[in-house]
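Structural overview
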Amino acid sequence: MFTNAIVRVPGKSLVNGLSDSKELGLPDYDKAIIQHHSYIEALQSCGLEVNILESCEDYPDSTFVEDVALITSNCAIITRPGAESRRGEVEQIMAVLKSQFNNLETIEAPGTIEAGDVMMVGNHYYIGLSDRTNLEGAEQLIELLVKHGHTGSTVELKDVLHLKTGLSYIENNMLIICGEFKSDPIFSGFNHIEIPESESYAANCIWVNDNVLIPAGYPLSKEKISSTGYNVIEVDVSEFKKLDGGLSCLSLRY
Ligand code: CIR
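As a starting point, this report considers the structure included with it. Since the model is a prediction, treat every value here as computed from it, not as a measurement.

This brings us to the nonpolar core. Ranked by internal contacts, the top residues of the largest apolar core, which has 40 residues, are Y39, L43, I170, I176, V212, L213 and I225. Leave out the neighbours within four places in its chain, and L43 touches A5, V7, L48, V50, I206, V208, L213 and S251. Formed by 15 residues, the second largest nonpolar core is a distinct cluster that contains I93, F101, L252 and Y254.

Take the site of the ligand next. In the vicinity of the ligand lie 13 residues, with L18, D61, D67, L243 and C249 positioned nearest. R86 is positioned with one of its side-chain polar atoms (N or O) 2.9 Å from an oxygen atom of the ligand. Within the backbone of L243, an N or O atom sits 2.7 Å from a nitrogen atom of the ligand. Considering the ligand on its own, with 340 Å² of exposed area, one finds that the protein chains cover 98% of that surface.

What follows concerns the layout of surface pockets. Of the volumes computed, that of the largest pocket is approximately 680 Å³. Taken together, 34 residues form the lining of the largest pocket, with D159, V160, L161, T165 and D244 sitting closest to its centre. Residues belonging to the lining of the largest pocket are distributed by class as follows: ten nonpolar, twelve polar and twelve charged. As a volume, the second largest pocket reaches approximately 170 Å³. Along the wall of the second largest pocket there are 13 residues; nearest its centre are F2, I71, T72, S73 and M120. Its residues assigned to classes, the lining of the second largest pocket comprises seven nonpolar, five polar and one charged.

As for its position among the elements, L135 is in helix α3 (residues 135-147). Given the relative accessible area of 48%, L135 is considered partly exposed. For the pair L135 and E156, spaced 21 residues apart in sequence, the C-alpha separation works out to 9.8 Å.

This brings us to unusual backbone geometry. The omega torsion of the bond from A109 to P110 falls at 5°, within 30 degrees of zero and hence cis. On the secondary structure map, P110 appears in the loop between β5 (104-106) and β6 (118-121). Phi is positive for E171, which is not a glycine, with a value near 70°. Mapped onto the fold, E171 is located in the loop between β9 (167-169) and β10 (174-177). Taking the relative accessible area as the measure of exposure, E171 reaches 23% and is therefore partly exposed. Here the phi dihedral of D244 falls at roughly 65°; this positive angle occurs in a residue that is not glycine.

The rules we used
- Residues numbered from 1 in each chain as written.
- Predicted model: local features only at pLDDT ≥ 70, side-chain atom pairs only at ≥ 80, totals over all residues.
- Heavy atoms only, no water.
- Core = buried A, V, L, I, M, F, W, Y, C linked by side-chain atoms within 4.5 Å.
- Buried < 20%, exposed > 50% of the residue type's maximum accessible area, 1.4 Å probe, protein only.
- Contact = heavy atoms within 4.5 Å.
- Near = heavy atom within 4 Å.
- Polar contact = N/O pair within 3.5 Å; in protein donor to acceptor, adjacent residues only side chain to side chain.
- Areas by Shrake-Rupley, 256 points an atom, 1.4 Å probe, with all protein chains shown as cover.
- 1 Å grid on protein atoms, 1.4 Å probe; cavity = no way out; pocket = protein on both sides within 12 Å on 5 of 7 lines; lining within 4 Å.
- Points joined across faces, edges and corners; volume = space filled by probe spheres on them.
- Nonpolar A, V, L, I, M, F, W, Y, C, P; charged D, E, K, R; others polar.
- Helix = DSSP H or I, 4+ residues; strand = E, 2+ residues; numbered from the N terminus.

What follows is the structure in structure tokens.
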């Protein structure tokens, strides 16, 4: 069960965030603020206490707070984003986590990790090797996880930005899965809820205390997930999609 979450309110500089989805247009700041607020309410409705950090204009992508830290039951690890424009975000999150966690670790150069590439399954952490997360970073992370009583292993990515762009673990040995991961033998031991390519954005969901938060607007995925017995909560995050950000990227949950 999770008890807490950390989010960061988007700044006006959000429009300058990194994006490979320019065809969707620029995010609308006012709409993004409203959607972010609804996202916070959804987390609160699942019983989480949400620490809402103020916006940080210097870093357009800083609302995607998931990428800059990994919080486990035994430690917190500050990452080192592969995207250079996001490196400075770590100092901001370090300042927040320092006062809360005694076991605070950091990923060092030349390692890079963005925690959108890290998927927790119980005590084990799958780490996607992507354009943002390199082998050196993954090896450092595995060493730190083992030091704190966890385990980790790597997954090669082909098409997606981050591991969790196409994959979400929703407990009970169940994966929400799309694209390149469907046939990956690494995940053959799990039960799968397969997301059709036409709704691939919905593969990034989050499990929060027996609820599954999914992006609004993906009816096939919603039906598939609800029919397996989860309470599904839809949240509209269309403005964050324009920057390749999904539901998971908008919070740290622990
Ligand atoms: C980026 O490209 O870094 C941001 N625009 C989106 C980050 C999305 N984060 C995630 O999937 N964990």
